[in-house]
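Structure at a glance
For reference, the chains in residue letters:
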Amino acid sequence: LGAKVEGKRRIDDKDSHGGSYMQEVFKGATSSPEGGYSNFYFPKPGETEDLPKRGYSMEFKPYGWIICTGTWTDYIDAAVAEHEAKADEALWHQIAVSVVLLIVLEALIILWGMNLAAGFAKPIGSAHSPKAPYAGRHNRTVPSAPARH
């Protein structure tokens, strides 16, 4: 703000929306020992249009000063939008990786299940025919055991 406001009483200054922004800054500074936030309208450097601004102010008691800093909400909104976009991208990447891993895991479980089922079916398949041990011997007759007396 520089020389144009130095030494001037600004407590009753109002923004273009009729808000007493300096009173809001003072109220934020004295609301708690840690200071506080205030919302008001103020032009950006080199501009004349009042834009929404969020400030933080704190009282420095040894000198009776109120120290305030702030930023315009469009900067905050842009930073939040960028953060949300990065977070969304990371979320979708993690979802894609999880889906691929689940598909691979499911395929492995299916293959393991098929192998297990084949292991169970093999002895069952060979036991369904009583002639199975003689298959491939061209139906030769089995000699009968001699009768015991």
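Details of the structure are given in the entry above.
A brief report on the enclosed structure follows. (Residues numbered from 1 in each chain as written. Predicted model: local features only at pLDDT ≥ 70, side-chain atom pairs only at ≥ 80, totals over all residues. Heavy atoms only, no water.)

Some details on the pairing of strand β2 (residues 50-60)
The cut-off we apply is this: In this description, strands pair whenever DSSP reports at least two bridges between them. Each helix is a run of H or I in the DSSP string that is no shorter than four residues. Each strand is a run of E no shorter than two, and both are numbered from the N terminus.
Pairing analysis gives 8 bridges linking strand β1 (residues 36-43) to β2, with the strands arranged antiparallel. When the sheet's bridge partners are listed, Y41 is paired in β2 with P52. If you look at the hairpin formed by β1 and β2, you'll find 6 residues sitting between the two strands, and G46 has a positive phi there, around 80°. With 8 bridges joining them, β2 and strand β3 (residues 65-72) adopt antiparallel strand pairing. Bridge pairing in β3 places E59 opposite I66. Taking the residues between adjacent antiparallel strands as the criterion, β2 and β3 are bridged by 4 residues, where G64 takes a positive phi near 70°.

As for the layout of surface pockets
Under the convention used in this document: The way it works is a 1 Å grid over only the protein atoms, where trapped points that fit a 1.4 Å probe form a cavity and open points with protein on both sides within 12 Å along at least five of seven lines form a pocket, and then any residue with an atom within 4 Å of a point lines it. Grid points are joined across faces, edges and corners, and a volume is the space filled by probe spheres set on the points. Gly is placed with the polar residues, together with every amino acid not listed as nonpolar (Ala, Val, Leu, Ile, Met, Phe, Trp, Tyr, Cys and Pro) or charged (Asp, Glu, Lys and Arg).
The space that makes up the largest pocket amounts to roughly 360 Å³. Forming the walls of the largest pocket are 16 residues, and the residues nearest its centre are R10, M22, V25, I66 and C68. Where the lining of the largest pocket is concerned, the elements lending two or more residues are α1 (21-30), β1 and β3. The leading source of residues in the lining of the largest pocket is β3, at 6 residues. Classifying every residue of the lining of the largest pocket gives 11 nonpolar, 3 polar and 2 charged.

Some thoughts on the side chain of K53
Inclusion rule: For every residue, the accessible area (1.4 Å probe, protein chains only) is compared with the maximum for its type, and the residue is labelled buried under 20%, exposed over 50%, or partly exposed between those bounds. Neither His nor the chain ends contribute to the count of charged residues, in which Lys and Arg are positive and Asp and Glu negative. Any carboxyl oxygen of Asp or Glu that lies within 4 Å of a side-chain nitrogen of Lys or Arg is treated as forming a salt bridge with it.
For K53, the position within the fold is in strand β2. In this structure, K53 is buried with no salt-bridge partner, the nearest side chain bearing the opposite charge being D50 at 10.0 Å.

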